[in-house]
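Overview (structure and organization)
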Amino acid sequence: MKVADEGAGMGDEDGRARPLRVLQSVRGPRPTTNPYVVQLMRGLAGHVEVRAFTWSAALLWRYDVLHVHWPEVVVERRHPLRRLAAVAALHLVLLRCRLRRTAVVRTAHNLRPHEEVPDRATAGVLRACDRATTWWIRLNDGTSTPGGAPATTVRHGHYVDWFAGHPTEPAVTGRLVSVGLLRPYKGVDELLSAFAALDDAEASLVVAGRPVTEAIAAQVRTAAAQDPRVVTDLRHVDDADLVRWTTSASLVALPYRQMHNSGAALLALSLGRPVLVPANPVTDALAAEVGPAWVRRFTGPLTADVLRTALADVAGLSDTAVPDLSARDWGAGTRAHLEVYRAAVGRARGRAPGRPPVHATEAVRPTVGAGHDTRENA
């Protein structure tokens with residue numbers, strides 16, 4: 001892949017200029033690969049040499065930047081011995097980065113891993129990733145990162161272009177939709193309970209996505225068996241069906257127990273559908289950015305009254321209205337990542353990197369990170 005601008009280039013040991021080399025920590029792309037990462041890699045490809053993760057590349061390729069997204073996913077294995085081997089391999093990769101003075105850039109997608117860390121070995125390598133990080137990328141200003149390394153805010157890009165080729169559905173009046181991987185923290189159980197108490201025969205609820213546990217699957221199936229207004233599609237939902245279900249919604253319900261950086265909220269907004277989310281500083285800021293009519297917030301427990309009020313509020317939205325996603329442009333996000341990569345390489349190699357310059361857009365806010373939390377993703 002060719003370098004499109006001289007500022008992204010590096011020098012080989014023989015003095016020849018070459019593209020900056022970036023290894024992403026995500027494998028693929030596959031049909032199930034997070035589209036955030038795929039869009040990032042596509043944007044970077046015109047400026048740097050970028051590769052998806054393999055162990056051979058991590059241990060042998062001469063890259064300048066290791067960009068880590070979800071380190072717990074890198075070592076995730078069902079069999080304990082295989083997981084231990086992956087943990088050991090990641091320790092070797094981090095050691096190689098330190099010895100070669102390779103920059104480690106971390107995107108703090110979540111305040112903590114989605115699932116419980118399975119063992120002490122995994123917890124140990126996650127701490128090692130924290131210590132090895134040269135530069136942090138935050139998706140919003142409210143993300144705390146460990147002290148000792150600078151942090152830059154680069155807003156999560158939209159999905160407008162990603163889903164542009166898929167046909168959409170007209171919104172069904174009174175329809176709530178929950179779509180995506182069904183994990184415990186997403187509050188699907190609370191949504192089902194609140195909807196069951198909603199005395200509105202015209203309302204409906206779609207729960208679409210693959211449950212991560214059989215307990216969640218059983219709970220959703222039981223609710224659907226008891227209430228004909230509940231529609232289920234319990235499998236991996238591909239992009240076409242994801243667009244179909246999301247755009248059929250009057251309101252996309254995301255009653256997460258903890259919401260920090262939600263790709264699901266950006267996904268729904270990118271498809272022109274309002275979201276229902278818990279109120280917190282992050283969702284308050286999102287509402288101020290895209291328009292409060294598009295981000296309906298609730299405090300306290302999710303109840304039938306919350307659902308009834310939110311559905312009534314969004315009923316007044318025009319069919320032609322769209323949320324303001326101008327600050328989520330991928331071009332600005334790509335440029336911001338290139339700036340962080342160059343600054344991180346300088347810092348890893350002992351040069352004073354300064355701060356990445358701030359663009360005219362508000363997509364980049366560089367600060368020095370400090371805090372105690374390290375790691376959420378739809």
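What this report covers is the structure whose coordinates are included nearby. (Residues numbered from 1 in each chain as written. Predicted model: local features only at pLDDT ≥ 70, side-chain atom pairs only at ≥ 80, totals over all residues. Heavy atoms only, no water.)

1. Here's the deal with the overall build of the protein
- The helix and strand inventory of the protein stands at twelve helices and 15 strands.
- Buried residues in the protein amount to 55% of all 378 residues.
- Approximately 17,100 Å² of the protein is accessible, and the part contributed by carbon and sulfur atoms is 54%. (Helix = DSSP H or I, 4+ residues; strand = E, 2+ residues; numbered from the N terminus. Buried < 20%, exposed > 50% of the residue type's maximum accessible area, 1.4 Å probe, protein only. Areas by Shrake-Rupley, 256 points an atom, 1.4 Å probe, with all protein chains shown as cover.)

2. Comments concerning the pattern of salt bridges
- Here the structure, examined in full by the defined rule, presents 19 salt bridges.
- With a shortest N-O distance of 2.7 Å, Arg235 and Asp233 are connected by a salt bridge.
- Residue class for Asp233 comes out buried when judged on its relative accessible area of 11%.
- The residue Asp305 makes a salt bridge to Arg308 at a minimum N-O spacing of 2.5 Å. Of this pair, Asp305 and Arg308 both sit in helix H11 (residues 304-314), three residues apart, which is roughly one turn of the helix.
- Several salt bridges converge on common partners, so that one network encompasses Asp233, Arg235, Asp241 and Arg244. (Salt bridge = Lys/Arg side-chain N within 4 Å of Asp/Glu carboxyl O.)

3. Let's talk about the layout of surface pockets
- As a volume, the second largest pocket reaches approximately 500 Å³.
- Around the second largest pocket, the lining comprises 25 residues; the ones closest to its centre are Ala171, Arg273, Leu317, Ser318 and Asp319.
- For the lining of the second largest pocket, the secondary-structure elements that each account for two or more residues are helix H9 (263-270) and H11.
- The dominant element in the lining of the second largest pocket, judged by the number of residues it contributes, is H11, at three residues.
- In the lining of the second largest pocket, the residues fall into 17 nonpolar, six polar and two charged. (1 Å grid on protein atoms, 1.4 Å probe; cavity = no way out; pocket = protein on both sides within 12 Å on 5 of 7 lines; lining within 4 Å. Points joined across faces, edges and corners; volume = space filled by probe spheres on them. Nonpolar A, V, L, I, M, F, W, Y, C, P; charged D, E, K, R; others polar.)

4. Digging into the nonpolar core
- Ranked by size, the top nonpolar core spans 61 residues in total, and within it Val105, Phe163, Leu254, Val295 and Tyr341 carry the most contacts.
- The dominant element in this core, judged by the number of residues it contributes, is helix H12 (residues 330-348), at nine residues.
- Contacts of Leu254, omitting those with residues within four sequence positions, involve Met259, Ser262, Ala264, Ala265, Val275, Leu276, Val277 and Pro278.
- Of all hydrophobic cores here, the second largest spans 26 residues; its members include Phe195, Val230, Leu302 and Ala310. (Core = buried A, V, L, I, M, F, W, Y, C linked by side-chain atoms within 4.5 Å. Contact = heavy atoms within 4.5 Å.)

5. Observations concerning the pairing of strand E9 (residues 175-179)
- Of all five residues in E9, five are buried; the element is thus mostly enclosed.
- Because side chains alternate across E9, one face comprises the buried residues Arg175, Val177 and Val179, and the other comprises Leu176 and Ser178, equally buried.
- The pairing of E9 with strand E10 (residues 204-208) spans five bridges and is parallel. Across the sheet, residue Val177 finds its bridge partner in E10, namely Val206.
- In this view, the connection linking E9 to its parallel neighbour E10 by way of helix H6 (residues 188-196) has right-handed handedness.
- Pairing between E9 and strand E12 (residues 251-253): two bridges, direction parallel. Counted as the bridge partner of Val177 is Val252 from E12. (Pairing = 2+ DSSP bridges. Right-handed = clockwise from strand over helix to strand, strands pointing away.)

6. Details of H12
- Between the first and last C-alpha of H12 there are 26 Å, a value that for 19 residues agrees with the 27 Å anticipated at 1.5 Å per step.
- The element H12 is extensively covered by neighbouring structure, given that 15 of its 19 residues are classed as buried.
- For H12, the side-chain oxygen to backbone nitrogen distance between the N-cap and Gly331 is 3.1 Å, and the N-cap itself is Asp329.
- A positive backbone phi angle near 85 degrees is found at Gly350, which sits one or two residues after H12. (Expected span 1.5 Å × (residues − 1). Polar contact = N/O pair within 3.5 Å; in protein donor to acceptor, adjacent residues only side chain to side chain.)

7. Remarks on the packing of helix H4 (residues 80-100) against helix H5 (residues 120-132)
- H5 packs onto H4 with a crossing angle of 15 degrees between their chain directions and a minimal axis gap of 10 Å. Taken together, the axis directions place H4 and H5 in an arrangement best described as roughly parallel. Here H4 runs over H5; the crossing is left-handed. Mapping the contact onto sequence places Arg83, Leu84, Val87, Leu90, His91 and Leu94 in H4 and Ala121, Thr122, Gly124, Val125, Ala128, Cys129 and Ala132 in H5.
- Here the contact of H4 with H5 is composed, by residue class, of nine nonpolar, three polar and one charged. (Axes fitted to C-alpha atoms, helices over the stretch in contact; angles between N-to-C directions. Parallel < 35°, antiparallel > 145°, perpendicular 65-115°, else oblique. Left-handed = near helix turned anticlockwise from the far one by under 90°.)

8. Some words on the sheet that holds E10
- Across the sheet, which stays open at both edges, the six strands sit in the order E11-E10-E9-E12-E13-E14 with parallel pairing between neighbours. Edge positions in the open sheet fall to strand E11 (230-233) and strand E14 (295-298), since each of these has one partner strand only. Taken pair by pair, the neighbouring strands of this sheet meet at an average axis angle of 25 degrees, ignoring direction.
- One ladder, built from four bridges, connects E10 with E11; its direction is parallel. Counterpart to Leu205 in the pairing with E11 is Val230.

Just geometry here; none of it tells us what the structure is for.
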